[in-house]
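Structural features, examined
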Amino acid sequence: GDTEMTQKEYVEHIDGLKAEIRRAWLHGDRVIALKRAIQCAKMLSDTRVPQFYPSMFILIAGILDSFSDLVFERIKEKHKEVS
């Protein structure tokens with residue numbers, strides 16, 4: 001059968017990963033958040049559906065940018081605790 005995802009399904013999958021990263025981070029599960037961020041980054045190597053790639057790239061870049069903000073804020077907090 002045809003198991004190729006539609007663009008809508010792909011976007012929903014990516015949105016689900018974004019929500020999972022944020023939820024895990026807010027619950028203190030940094031390892032899960034990091035694993036999901038890595039999973040998103042690895043998705044960028046998937047070029048099987050070239051017509052989805054531009055929108056996929058933008059969505060995943062946004063997720064990775066948000067994740068980097070979470071990490072940066074945590075580092076700032078830890079620095080304040082030490083100072």
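Summarised in this report is the structure supplied together with it. This structure is a prediction, so every number in the text was calculated from the model and none was measured. (Residues numbered from 1 in each chain as written. Predicted model: local features only at pLDDT ≥ 70, side-chain atom pairs only at ≥ 80, totals over all residues. Heavy atoms only, no water.)

Further remarks concern the overall build of the chain. In terms of regular secondary structure, the chain is built from 3 helices and 0 strands. Ordering the α and β elements of the chain from the N terminus gives α-α-α. Computed over C-alpha atoms, the radius of gyration of the chain comes to 15 Å, more than 25% over the 12 Å expected from 2.2 N^0.38 for 83 residues, which places it beyond the range of a compact globule. Considering only C-alpha atoms, the chain reaches an extent of 55 × 20 × 15 Å along its principal axes. When burial is assessed residue by residue, the chain has 22% of its 83 residues classed as buried. For the chain, contacts bridging at least 24 residues in sequence account for 57% of all contacts bridging at least 6. A total accessible area of about 6000 Å² is found for the chain, and carbon and sulfur atoms account for 59% of it. (Helix = DSSP H or I, 4+ residues; strand = E, 2+ residues; numbered from the N terminus. Rg over C-alpha atoms; globule rule 2.2 N^0.38 Å. Buried < 20%, exposed > 50% of the residue type's maximum accessible area, 1.4 Å probe, protein only. Contact = heavy atoms within 4.5 Å. Areas by Shrake-Rupley, 256 points an atom, 1.4 Å probe, with all protein chains shown as cover.)

Let us look at the pattern of salt bridges. Tallying each qualifying case throughout the model produces 5 salt bridges. Glu20 serves as the salt-bridge partner of Arg36, at 2.6 Å between the closest nitrogen and oxygen. One end of the pair, Arg36, is in helix H2 (residues 30-43); the other, Glu20, is in helix H1 (residues 7-26), and 16 residues separate them in sequence. With a closest N to O distance of 3.4 Å, Glu73 and Lys76 form a salt bridge. Here the residue Glu73 and the residue Lys76 both occupy positions in helix H3 (residues 53-82), the gap between them amounting to 3 residues, near one helical turn. Among the residues examined, Glu73 registers a relative accessible area of 37% and is labelled partly exposed. Relative accessible area serves as the criterion here: at 36%, Lys76 is assigned to the partly exposed category. (Salt bridge = Lys/Arg side-chain N within 4 Å of Asp/Glu carboxyl O.)

Now for H3. Along its 30 residues, H3 runs 43 Å from first to last C-alpha, staying within 8% of the 44 Å computed at 1.5 Å per residue. Regarding H3, the residues found buried are Met56, Ile60, Ile63, Phe67 and Leu70. Turning to H3, the residues buried within the fold contact H1 and H2. (Expected span 1.5 Å × (residues − 1).)

This part is about the environment of Glu81. Counting through the fold element by element, Glu81 comes out in helix H3. Sequence spacing of Glu81 and Leu70 is 11 residues, and the spatial spacing of their C-alpha atoms is 17 Å.

Right, let's talk about the packing of H1 against H3 for a bit. It is at 10 Å that the axes of H1 and H3 come closest, and there the two elements cross at 5°. For the element pair H1 / H3, the angle class is roughly parallel. Residues Gln7, Tyr10, Val11, Ile14, Lys18, Ile21, Arg22 and Trp25 of H1 form the contact with H3, whose own contacting residues are Ser55, Met56, Leu59, Ile60, Ile63, Ser66, Phe67, Leu70, Val71 and Arg74. Residues belonging to the contact of H1 with H3 are distributed by class as follows: 12 nonpolar, 3 polar and 3 charged. (Axes fitted to C-alpha atoms, helices over the stretch in contact; angles between N-to-C directions. Parallel < 35°, antiparallel > 145°, perpendicular 65-115°, else oblique. Nonpolar A, V, L, I, M, F, W, Y, C, P; charged D, E, K, R; others polar.)

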